[in-house]
Structures are given as structure tokens and as C-alpha cells.
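Overview (structure and organization)
Take a look at the letters that make up each chain.
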Amino acid sequence: MLLDLGYVAAGLVLLFIGGEGLVRGSVNIAERFGVSKLLIGLVIVGFGTSTPELLVSVNAAFDGAPEIALGNVVGSNIANVLLIVGVAVTILPITSWERTAVREALVATLVALVLVGLVQGAYIERLEGAAMLTVLIGYLFASYWLERRSSETDTFQQEAEEFEDIPIGNVWVSVAFVVAGIAALVFGADLLVGGAVNIARAFGVSEAVIGLSLVAVGTSLPELATAITAAIRRHSDVVLGNVIGSNIFNILAILGTTAVILPIEVSERFREFDTHVMLAASVLLLGLLAVAPRISRLWGIVMLGAYGAYMTALFLGGTTT
């Protein structure tokens, strides 16, 4: 048991370090080759901060743990809104955001609604995974075009700038960061999934609960670190952009890629409870952005309380039979 806990801890550390190394190295390389900050923020940061979720979900699917693969994505999306936004606005209320944040939150809510529909079947099939990846490509092209033609929005550029605060040397050092980051992510994902499965079995807790809680929070650490840093710097739209973008990527890119590689079996709890919580969290954030003048510390406390209640419900009803 202690060995498995060590595997989980080491996996989380490697995922965090690997994700940071991959994103920072990739951002530096892209800038050296003259790639625009808009494209860096939209594609490189978007994919990079979701890489831990991708590798963990793919690894879990191959290891015969589909509940961890799906729970990782659903739990990460819940944590992104209730935990990460909750922590960020508790540190510093979000008093303003660009109009594009409402549009992106609407997309995230629609994507969450689609996932609620997809999990009504026994499996998320390869064809459905391919459809999600196709939608993702369309979303990226549409976002790039809309932001290029608007002089008032720079959310994705600011997301890129959040990873420029630590210079990492010349291009070869950046390449080394990328390679080391990928290696750390692959090894960390393997350790985390293996340790988490063993812990779930030892304590009689379902793999879905482990995926929705421990694994989901662990793979969301890059988003949490970015959100806290952005909140402290008063870059409120970056907090929102990072969270909303991650939620879109998690479903379309992570589940889409995983399902194309190997269809994902869906357990009953996802049909009846967890995806509905995820959808409710998305609707809450969309509602706040659409009608509220600010997201206050009180809302942060409400979000954190809701996340605590969700975690309590998970573990009270999550033992295996």
C-alpha cells in the first residue's frame, strides 16, 4: 500500500513537472520560429496543459480501467470550475472579463451537454471519438479566425504570456525541456494509473471514484498553478480562459483521442450522476459570466463548498460491491 501511495505521489509530481516542461519548452520554440502568441495560446498552451489528462486517460484505457479514463476527464472538468475557479476568486475576485469568455463558456457547456448524451450508451465508440476530434479542429479554426479579426480580444495571447515568465535559454535547451517533459508525462501517467488502480482495489473504492477525485485533481495541477499565478497577477480573463479552454479540450481532445484508440466503456454512475454534475458546473460558470457583474469571494466559497460536497458524495457512495 505504501508503495502504491508512493507511485501515485511520484506520478503526480512527474505529471506536473512534465506538463510545465512541455508547455514552456514548446512556447519558447514556437516564439523562436515566429509563431504568433494567439496561435501559441490557442493550440500549444491548450494542448500542453491537457497533456497529463490525455496520457492518463489513454494509459488507463489500455490498462483495462475505463472508469479512470472517463472519470479523469469528467472529474477534471468539475474540478476546473468548482475547485480552480473557486480558489482563484477566493484569492482575488474576478471583476471583469472579455465578451469572448461568454462565448467560450457557451461552447464548453454545449460540449458538456454532448458528453451527457454520449455516455447514455454502453461505450463511447471510435466513430464518436473521431467526431469529437473533428469538432475540435473546427473549434480551433473558428476561434483563431474570430480572434484574429477582433481588435478587442487577446485572451489567448495572454495565456501564452503566462508561460514566458521563466526564460529557459536557447532553442536546444527548449527542445530538451520538451523531450524531458514528454518522458516525465509518460512515466508519470503509468505510475499514477497503476498506483491508483491498486489503491482503489485495496480500499474497496471504485476506480470511477479514484478517477473522479485523486486522478482528476492530480492531472488538473497545471491548470491550478496557472490559475493561481494569473489571479495573483490580476489577469482574470486568463483564469477563465485557461479553465474554459481546458474543459473544451478535455472532452473533445482527450476523450476523442482515447475513444479513437480504444472505445471507452461507460459505467452507470456516469450516466446518472457525474456527467450531470459536470454539466451543472458548466452552466453555473456560463450563468455567472453572462449575467453577473463580478465573481466575488462569496461565489468562490460557494464553489469550494459545492466541490467539497461532491467529493463527500463520491466517497460515501463509491465503495465497490
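Residues numbered from 1 in each chain as written. Predicted model: local features only at pLDDT ≥ 70, side-chain atom pairs only at ≥ 80, totals over all residues. Heavy atoms only, no water.

Per an unreviewed UniProt entry, the protein goes by the name Cation:H+ antiporter and belongs to Ruegeria intermedia. Turning to the protein, the UniProt record has this under Subcellular location (unreviewed entry): "Membrane". (UniProt positions renumbered as here; feature names shortened; annotations may be inferred.)

1. A word on the overall build of the protein
Along the backbone of the protein there are twelve helices and two strands. Counting helices and strands in the order they occur from the N terminus, the protein gives α-α-α-α-β-α-α-α-α-α-α-β-α-α. Looking at the protein as a whole, 55% of its 321 residues are labelled buried. Roughly 13100 Å² of accessible area belongs to the protein as shown, and the carbon and sulfur atoms make up 69% of that amount. (Helix = DSSP H or I, 4+ residues; strand = E, 2+ residues; numbered from the N terminus. Buried < 20%, exposed > 50% of the residue type's maximum accessible area, 1.4 Å probe, protein only. Areas by Shrake-Rupley, 256 points an atom, 1.4 Å probe, with all protein chains shown as cover.)

2. Quick word on the pattern of salt bridges
The tally for this structure, following the rule as stated, stands at two salt bridges. A salt bridge links Arg 103 to Glu 104; its shortest N-O distance comes to 2.9 Å. Given a relative accessible area of 8%, Glu 104 falls into the buried group. Between Arg 269 and Asp 274 there is a salt bridge; the shortest N-O distance is 2.5 Å. A relative accessible area of 0% means that Asp 274 is categorised as buried. (Salt bridge = Lys/Arg side-chain N within 4 Å of Asp/Glu carboxyl O.)

3. Details of helix α12 (residues 297-316)
Side chains three or four residues apart in an α-helix point the same way, a direct result of the helix having 3.6 residues per turn. Between the first and last C-alpha of α12 there are 28 Å, a value that for 20 residues agrees with the 28 Å anticipated at 1.5 Å per step. Those residues of α12 that fall on the buried side of the exposure criterion are Gly 300, Met 303, Tyr 307, Tyr 310, Met 311 and Leu 314. Buried residues of α12, seen end-on, are gathered within an arc of 100° and therefore sit on one face of the element. For α12, the exposed residues lying more than 90 degrees away from the buried face are Leu 298, Ile 301 and Leu 316. Buried residues along α12 sit against α3 (66-91), α8 (207-219) and α11 (268-291). (Expected span 1.5 Å × (residues − 1). Arc of directions from axis to C-beta. Contact = heavy atoms within 4.5 Å.)

4. Regarding the packing of α8 against α11
The N-to-C vectors of α8 and α11 enclose an angle of 35°; their axes lie 12 Å apart at closest approach. The element α8 and its partner α11 pack so that their crossing is right-handed. Residues Ala 208, Val 209 and Leu 212 of α8 touch α11, and the partners they reach there are Arg 269, Phe 270 and Asp 274. (Axes fitted to C-alpha atoms, helices over the stretch in contact; angles between N-to-C directions. Left-handed = near helix turned anticlockwise from the far one by under 90°.)

5. Thoughts on the environment of Val 23
By the element assignment, Val 23 lies in helix α1 (residues 2-32). On the accessibility criterion, Val 23 (1% relative accessible area) is buried.

6. What about the packing of α11 against α12?
In contact at an axis separation of 13 Å, α11 and α12 are set at 180° when each is read in the N-to-C sense. In terms of orientation, α11 lies roughly antiparallel with respect to α12. Residues Arg 269, Phe 273, Asp 274, Val 277, Leu 284 and Leu 288 of α11 lie in contact with α12, whose contacting residues are Trp 299, Met 303, Tyr 310 and Leu 314. In terms of residue class, the contact of α11 with α12 is made up of eight nonpolar, no polar and two charged. (Parallel < 35°, antiparallel > 145°, perpendicular 65-115°, else oblique. Nonpolar A, V, L, I, M, F, W, Y, C, P; charged D, E, K, R; others polar.)

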